[in-house]
Amino acid sequence: MLLPVPAGAAEIAGRDVIIATPDGSCDAYFVAPATGRHPAVIVWPDIFGLRPAFRQMADRLAQSGYAVLTVNQFYRSTKAPFVTPGQGFDDALRAKVGPWRQLLTPDASTRDAKAFVAWVDRQKETDTRRGIGSTGYCMGGPMVMYTAAAVPARVHGGATFHGGGLAADGLIALVPQMKAHWLIAIAENDDARAPEDKDKLKAAFAASSQPAEVEVYKGTMHGWCPPDSQVYNADQANRAWERLLATFAAL
């Protein structure tokens, strides 16, 4: 599935990069408009990791004027990509990824976030006068919140799409440390399983005076945004993308 090219798309240049973190070397993809300096965005993929679909999504965001770093958060265990095109979350993948996920503790994600923010701020394509945004999908959703809490002076926008476990007590407790504008896009079947989560998030962001658009996207299934997803919903994914751009416009 090819994503639509934004109107007035910027010419872009991308490259594979290696980022030193306290825990090792993270492989990642960095792409930005070919000229100028731009607000940065750090992208945390879903459980299928950094792969062609997320490179395509990074390119699309860069075409809209952002310097985009998409990371392999499983770098402690494997290089990316580690899935085959069209692979679903079957028993074999669940067994393989399970031990990798156990290493992604809140402390580990926080260390990673600080390293990624520091790295992106050193790039010539990044406009450090502007805030940083972060996006996350599925299991990457909580990592956006850890990023915003880890470096609140830099992370001014956060967006999650079918994020898992966002209303966990530990994450809600971090909200007062954040200083961001939020988009929380929720799959309809996720909301059906945990209908109270959206209200917890709305209350937490309101209590800390952080603007937050928390919405259930009708007719969507968990995982509806990446274009290689088995439950991809093009209309709702494009609407979520437009809300992402609106959220990051003020970075």
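Scroll up to find the structure this text is about.
These lines cover the structure that appears in this document, whether it is placed above or below. The written sequence of each chain sets the order in which its residues are numbered from 1. The model is predicted, so local features are restricted to residues of pLDDT at least 70 and side-chain atom pairs to those at 80 or more, both for listing and for counting; the totals for chains, interfaces and linings are taken over all residues. Only hydrogens and water are removed before side-chain values are computed, so all heavy atoms of the structure are retained for them.

Concerning the overall build of the protein
Turning to step 1, where the next piece is worked out: We count a stretch as a helix when DSSP gives it H or I for four or more residues in a row; a strand needs E for two or more, and each element gets its number in order from the N terminus. For the protein, the helix and strand inventory stands at eight helices and eight strands.
Turning to step 2, where the next piece is worked out: The C-alpha atoms of the protein give a radius of gyration of 17 Å, which matches the 18 Å a tight globule of 251 residues would have.
Turning to step 3, where the next piece is worked out: Taken over the C-alpha atoms alone, the protein extends approximately 45 × 45 × 40 Å along its principal axes.
Turning to step 4, where the next piece is worked out: For the protein, buried positions account for 55% of its 251 residues.
Turning to step 5, where the next piece is worked out: Contacts in the protein between residues at least 24 apart in sequence constitute 75% of all its contacts with a sequence separation of at least 6.
Turning to step 6, where the next piece is worked out: A 1.4 Å probe and the Shrake-Rupley method give the accessible areas. Residues count as covered only by the protein chains that appear here. Put simply, the protein shows about 10500 Å² of open surface, and 55% of that area lies on carbon and sulfur atoms.
Turning to step 7, where the next piece is worked out: One finds the centroid of the 25 positive side-chain charges in the protein at a distance of 5 Å from the centroid of its 25 negative side-chain charges. Every radius of gyration here is taken over C-alpha atoms, with the globule rule written as 2.2 Å times N^0.38, N being the number of residues. Burial here depends on accessible area, computed with a 1.4 Å probe over protein chains only, as a share of the maximum for the residue type. Under 20% is buried, over 50% is exposed, and the range in between is partly exposed. Two residues form a contact once any of their heavy atoms are found within 4.5 Å. Only four residue types enter the charge count, namely Lys and Arg as positive and Asp and Glu as negative; His and the chain termini do not. Every charge is mapped onto a representative atom, which is NZ of Lys, CZ of Arg, CG of Asp or CD of Glu.

Quick notes on the nonpolar core
Turning to step 1, where the next piece is worked out: For this analysis, a nonpolar core means a set of buried residues of the types Ala, Val, Leu, Ile, Met, Phe, Trp, Tyr and Cys, connected via side-chain atoms within 4.5 Å. The biggest cluster of nonpolar side chains holds 53 residues, and the ones touching the most others in it are Leu69, Met145 and Trp182.
Turning to step 2, where the next piece is worked out: No other element matches helix α4 (residues 140-150), which puts seven residues into this core.
Turning to step 3, where the next piece is worked out: When near neighbours in sequence (up to four residues on either side) are disregarded, leucine 69 contacts Val17, Ile19, Ala28, Tyr29, Phe30, Val41, Ile42, Val43, Phe116, Trp119 and Val120.
Turning to step 4, where the next piece is worked out: Counting residues in hydrophobic clusters, the runner-up holds 29 residues, among them Phe54, Ala185, Trp241 and Phe248.

Focus on the packing of aromatic side chains
Turning to step 1, where the next piece is worked out: Each Phe, Tyr or Trp ring, with Trp reduced to its six-membered ring, pairs with another whose centre is within 6.5 Å; inter-plane angles below 30 degrees give stacked pairs, above 60 give edge-to-face pairs, and intermediate values give tilted ones. Per the counting criterion, the structure on display carries 10 aromatic pairs.
Turning to step 2, where the next piece is worked out: The interplanar angle of 80 degrees and the centroid separation of 5.5 Å between the aromatic rings of phenylalanine 74 and phenylalanine 82 together place this pair among those described as edge-to-face. Both residues of the pair, phenylalanine 74 and phenylalanine 82, belong to the buried class.
Turning to step 3, where the next piece is worked out: A ring pair is formed by tyrosine 137 and phenylalanine 161, whose centres lie 4.9 Å apart and whose planes are at 20 degrees; its orientation type is stacked. Separated by 24 residues along the polypeptide, tyrosine 137 in strand β5 (residues 132-137) and phenylalanine 161 in strand β6 (residues 155-161) bring together distant segments of the chain. Here the two residues tyrosine 137 and phenylalanine 161 agree in accessibility, since each one is buried.

Quick look at unusual backbone geometry
Turning to step 1, where the next piece is worked out: For the bond running from alanine 80 to proline 81, omega is 0 degrees, close enough to zero to count as cis.
Turning to step 2, where the next piece is worked out: Relative to the elements of secondary structure, proline 81 occurs in the loop between β4 (67-71) and α2 (91-102).
Turning to step 3, where the next piece is worked out: You will see that cysteine 138, though not glycine, has its phi angle at about 55 degrees, which is positive.
Turning to step 4, where the next piece is worked out: Tracing the sequence through the fold places cysteine 138 in the loop between β5 and α4.
Turning to step 5, where the next piece is worked out: Look at cysteine 138 and you get buried, because its relative accessible area is 17%.
Turning to step 6, where the next piece is worked out: Positive phi is not limited to glycine here, since histidine 162 has a value of about 40 degrees.

Comments concerning the environment of leucine 201
Turning to step 1, where the next piece is worked out: Checked against the element boundaries, leucine 201 lands in helix α7 (residues 197-207).
Turning to step 2, where the next piece is worked out: Considering only alpha carbons, one finds leucine 201 and leucine 171, 30 residues apart in sequence, at a separation of 9.6 Å.
Turning to step 3, where the next piece is worked out: Ignoring any residue separated from it by four or fewer positions in sequence, one finds leucine 201 in contact with Met145, Leu166, Ala167, Ile172 and Ile184.

Some thoughts on the packing of helix α1 (residues 52-63) against helix α8 (residues 234-248)
Turning to step 1, where the next piece is worked out: Think of each axis as a best-fit line through the C-alpha atoms, taken over the contacting stretch in the case of a helix, with angles from 0 to 180 degrees between the N-to-C directions. The geometry of α1 relative to α8 is characterised by a closest axis approach of 12 Å and an angle of 45 degrees between their N-to-C directions. If you check the angle between α1 and α8, you find them oblique. Every pair of crossing elements has a handedness; the one defined by α1 and α8 is right-handed. Contacts between α1 and α8 involve Met57, Arg60 and Leu61 from the first element and Asn238, Trp241, Leu244 and Leu245 from the second.
Turning to step 2, where the next piece is worked out: The residue makeup of the contact of α1 with α8, split by class, is five nonpolar, one polar and one charged. Roughly parallel covers angles under 35 degrees, roughly antiparallel covers those over 145, roughly perpendicular covers 65 to 115, and oblique covers all other angles. By convention, the crossing between two helices is left-handed when the near helix turns anticlockwise from the far helix through less than a right angle, and right-handed when the turn is clockwise. Three classes are used, and their members are as follows: Ala, Val, Leu, Ile, Met, Phe, Trp, Tyr, Cys and Pro are nonpolar, Asp, Glu, Lys and Arg are charged, and the others, Gly among them, are polar.

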